[in-house]
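Each chain is listed here by its residues.
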Amino acid sequence: FPVTIGAITYNFYVIKTATTVGAEKPIWLYVRNGVQGKTQTLTLSTGERILPKHWDNKTKKVKTSYIGSPELNRFLEHFRDNVQKIVRTAQTEKDDLSFAELKEIIREALSDKPKYNFESVFKDYMEIKKATTSPALQKKLTTLLTHLQSYDNEIQLDSINALYLQKFVNYLIGKEMSNSYIHKLL
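Quantities reported herein were computed from a predicted structural model and do not represent experimental measurements.

Reading guide: rules and limits
Residues numbered from 1 in each chain as written. Predicted model: local features only at pLDDT ≥ 70, side-chain atom pairs only at ≥ 80, totals over all residues. Heavy atoms only, no water. Helix = DSSP H or I, 4+ residues; strand = E, 2+ residues; numbered from the N terminus. Rg over C-alpha atoms; globule rule 2.2 N^0.38 Å. Buried < 20%, exposed > 50% of the residue type's maximum accessible area, 1.4 Å probe, protein only. Contact = heavy atoms within 4.5 Å. Areas by Shrake-Rupley, 256 points an atom, 1.4 Å probe, with all protein chains shown as cover. Lys, Arg positive; Asp, Glu negative; His and termini not counted. Charge placed at Lys NZ, Arg CZ, Asp CG, Glu CD. Core = buried A, V, L, I, M, F, W, Y, C linked by side-chain atoms within 4.5 Å.

### A short note on the overall build of the chain
Here is step 1 of the chain: What the chain contains, in helices and strands, is six helices and five strands.
Here is step 2 of the chain: Mapped in sequence order, the helices and strands of the chain form the string β-β-β-β-β-α-α-α-α-α-α.
Here is step 3 of the chain: For 186 residues, the compact-globule estimate of 2.2 N^0.38 gives 16 Å, and the chain exceeds it by more than 25% at 21 Å.
Here is step 4 of the chain: In terms of overall dimensions, the chain has a C-alpha envelope of 65 × 35 × 30 Å along the principal axes.
Here is step 5 of the chain: Looking at the chain residue by residue over its 186 residues, the buried ones come to 31%.
Here is step 6 of the chain: A separation of at least 24 residues holds for 51% of the contacts in the chain among residues at least 6 apart in sequence.
Here is step 7 of the chain: Just so you have it, the chain exposes about 12,000 Å², and 54% of that area is on carbon and sulfur atoms.
Here is step 8 of the chain: Measuring between centres, the 27 positive side-chain charges of the chain sit 8 Å from its 20 negative side-chain charges.

### Some words on the nonpolar core
Here is step 1 of the chain: If you look at the biggest cluster of nonpolar residues, it comprises 26 residues, and the most contacted ones within it are L44, V83 and I106.
Here is step 2 of the chain: Listing elements by their share of this core, those giving two or more residues are β1 (7–14), β2 (25–35), β3 (38–50), α1 (69–93) and α2 (99–111).
Here is step 3 of the chain: The element contributing the most residues to this core is α1, with seven residues.
Here is step 4 of the chain: Aside from chain neighbours lying at most four places away, what touches I106 is L42, L44, V83, I86 and V87.
Here is step 5 of the chain: Listed in part, the 14 residues of the second largest apolar core include F122, M126, L144 and Y164.

### Notes on unusual backbone geometry
Here is step 1 of the chain: For K60, which is not glycine, the phi torsion reads 60° and is therefore positive.
Here is step 2 of the chain: As for its placement among the helices and strands, K60 is situated in the loop between β4 (55–56) and β5 (61–62).

### Some points on the environment of K60
Here is step 1 of the chain: Taking the C-alpha atoms as reference points, K60 and G22, separated by 38 residues in sequence, lie 20 Å from one another.
Here is step 2 of the chain: Leave out the neighbours within four places in its chain, and K60 touches N11, F12, Y13 and W55.

If you want it as C-alpha cells, here you go:
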C-alpha cells in the first residue's frame, strides 16, 4: 500500500566523511515526506560542491564568508524552488499521488535538461576560428582547454556561470599562477 504525500520538507546538506578530509563535498537536496509516522526521503544532487568548512549546517546555506556565496545560495534556492514547483504541479495533476510516484516524476523532470559536451563545442569553435586567428591565439585556446580539463574533466556548458568561473580562478590561484596570466585565460 503506497504511502500518500504528507508534509514535504526541503533541506540542503553537505555530508562530511572522514575518508576525504579537506576535499570538496557535493551539496544534496533532501526532499522528505513525513506522514503516518514514517519519513521517506529523496536525495537529489545539485551538481555543486563545496568544502564543508564553508557550509553552515544551521541555516543549510553557504557561509557568507565564502567568495561567491550569494551566487551559490541563489542557485540552491532556484534549484529548491524548481523541485517545489515540480511537486506542486504533480500534486495538482493527481490527487492520490504516492511518494514513489513523486520521486519518479521529480527525477524525470530534472533529467531532461540537455547536457552539452563542452569540449566538443570548444574544439568546434577552435576549428572555425583557425582560418581567422593566429597560431599564437590557437595555442592559447588549447592551453585554456587544458587548464579547464585539469580543473573539471566533465565540463557541461550549462554548468558554466559566474560561480563556476570563480571556482576556476580559485583553482588557478591554488596552482600559483599569476593574476595577469589568469586574467588572460579568462
